[in-house]
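# Descriptive structure summary
This is what each chain is made of:
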Amino acid sequence: MLGMIKNSLLSTVEAWPYQVLSKGEKEQLSYEERACEGGWFAAVEVSGKPFDEASKEGVLKLLKYVGGTNDKGIGMGMTAPVSITAFPAEDGSLQQKVKVSLRLPSQFQANPPCPSDESIKIEERQGMTIYSTQFGGYAKEVDYVNYAAKLKSALGSEAAYRKDFYFCNGYDPPMKPYGRRNEVWFVKE
């Protein structure tokens, strides 16, 4: 627990590496097309709960893992963003199922510690190209759904991306009150 608190308060946060391919603005919404690197991720699925509750549960499990609740007993430090895979229903609302994930820090990419919590899986993911839009504040389900709808509208029908899920991303610890960064990502097909 101490490692988790130390990580969230004192450590530097390593960003998920990406390259901006293009920028756009439409209907008063700025967005980017990015190429994101692949790598090893810690991920946990939570279902049967509303998005905000499920997300919080998943994030706490991952914070404990990177804070030292692993087979090596070492705090790894944080990476950003914490990425929550959301599964939209036909009406745009989110299903009661999320997958919360965190890219492992660079020094642990080659040999990730095994989680003590069996619900956390270590997954290798390929790089991907995404469409992203950014917004501030303490993001909740309603904010992610709203910005996903705005991004969908701004991209129009010419952009090809996955419709069965999207990523809801948070970059900041909860104790950061101002200048918060949240993003919605659509994965390009």
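Summarised in this report is the structure supplied together with it. Since this is a predicted model, take the numbers as computed values, not measurements.

Positionally, glutamate 32 belongs in strand E3 (residues 29-36). The exposure class assigned to glutamate 32 is buried, which follows from its relative accessible area of 17%. In terms of polar contacts, glutamate 32 uses its side chain to reach the side chain of arginine 34, at 2.7 Å. Not counting residues within four places of it along the chain, the set of residues in contact with glutamate 32 comprises Val20, Ser22, Lys23, Ile130, Tyr131 and Ser132.

Applying the stated criterion across every chain yields a total of zero disulfides. Lacking any disulfide linkage, cysteine 36 is separated from the closest cysteine sulfur, that of cysteine 168, by 15 Å. For cysteine 36, a relative accessible area of 5% corresponds to the buried category.

With that out of the way, let us pick up the pairing of strand E7 (residues 94-103). Most of E7 sits inside the fold, with seven of its 10 residues counted as buried. As paired elements, strand E4 (residues 39-47) and E7 share seven bridges and run antiparallel to each other. Looking at the pairing, valine 46 lines up with valine 98 of E7. When strand E6 (residues 82-88) meets E7, the two strands line up antiparallel, connected through six bridges. Its bridge partner being in E7, valine 82 is matched across the sheet by leucine 102.

Another point: unusual backbone geometry. For the peptide bond that leads from alanine 80 to proline 81, omega is 5°, which places it in the cis range. One can find proline 81 in the loop between strand E5 (78-80) and E6. In this structure, glutamate 27 takes a positive phi of about 55° despite not being glycine. Inspection of the secondary structure assignment puts glutamate 27 in the loop between strand E2 (18-26) and E3. A relative accessible area of 52% means that glutamate 27 is categorised as exposed. A positive phi is found at glutamine 28, a non-glycine position, where the angle reads about 60°. Along the polypeptide, glutamine 28 turns up in the loop between E2 and E3. In this structure glutamine 28 comes out as exposed when scored by relative accessible area, which is 79%.

Glancing now at the sheet that holds strand E8 (residues 120-125). Read from one edge of the open sheet, nine strands run E2-E3-E9-E11-E10-E6-E7-E4-E8, paired in antiparallel fashion. With one partner strand each, in any of the chains shown, E2 and E8 form the two edges of the open sheet. Each neighbouring strand pair of the sheet contributes to a mean axis angle of 30°, computed without reference to strand direction. In this structure, E3 lies alongside strand E9 (residues 128-135), joined through five bridges in antiparallel fashion.

Right, let's talk about the packing of aromatic side chains for a bit. Per the counting criterion, the structure on display carries 10 aromatic pairs. Measuring from ring centre to ring centre gives 5.6 Å for phenylalanine 135 and tyrosine 144, while their planes differ by 75°; the resulting arrangement is edge-to-face. Each member of the pair, phenylalanine 135 together with tyrosine 144, is buried. Taken together, Trp16, Phe41, Phe165, Phe167 and Trp185 form an aromatic cluster joined through their ring pairs.

Rules used in this analysis
Residues numbered from 1 in each chain as written. Predicted model: local features only at pLDDT ≥ 70, side-chain atom pairs only at ≥ 80, totals over all residues. Heavy atoms only, no water. Helix = DSSP H or I, 4+ residues; strand = E, 2+ residues; numbered from the N terminus. Buried < 20%, exposed > 50% of the residue type's maximum accessible area, 1.4 Å probe, protein only. Polar contact = N/O pair within 3.5 Å; in protein donor to acceptor, adjacent residues only side chain to side chain. Contact = heavy atoms within 4.5 Å. Disulfide = S-S within 2.5 Å. Pairing = 2+ DSSP bridges. Axes fitted to C-alpha atoms, helices over the stretch in contact; angles between N-to-C directions. Phe/Tyr/Trp six-rings, centres within 6.5 Å; stacked < 30°, edge-to-face > 60°.

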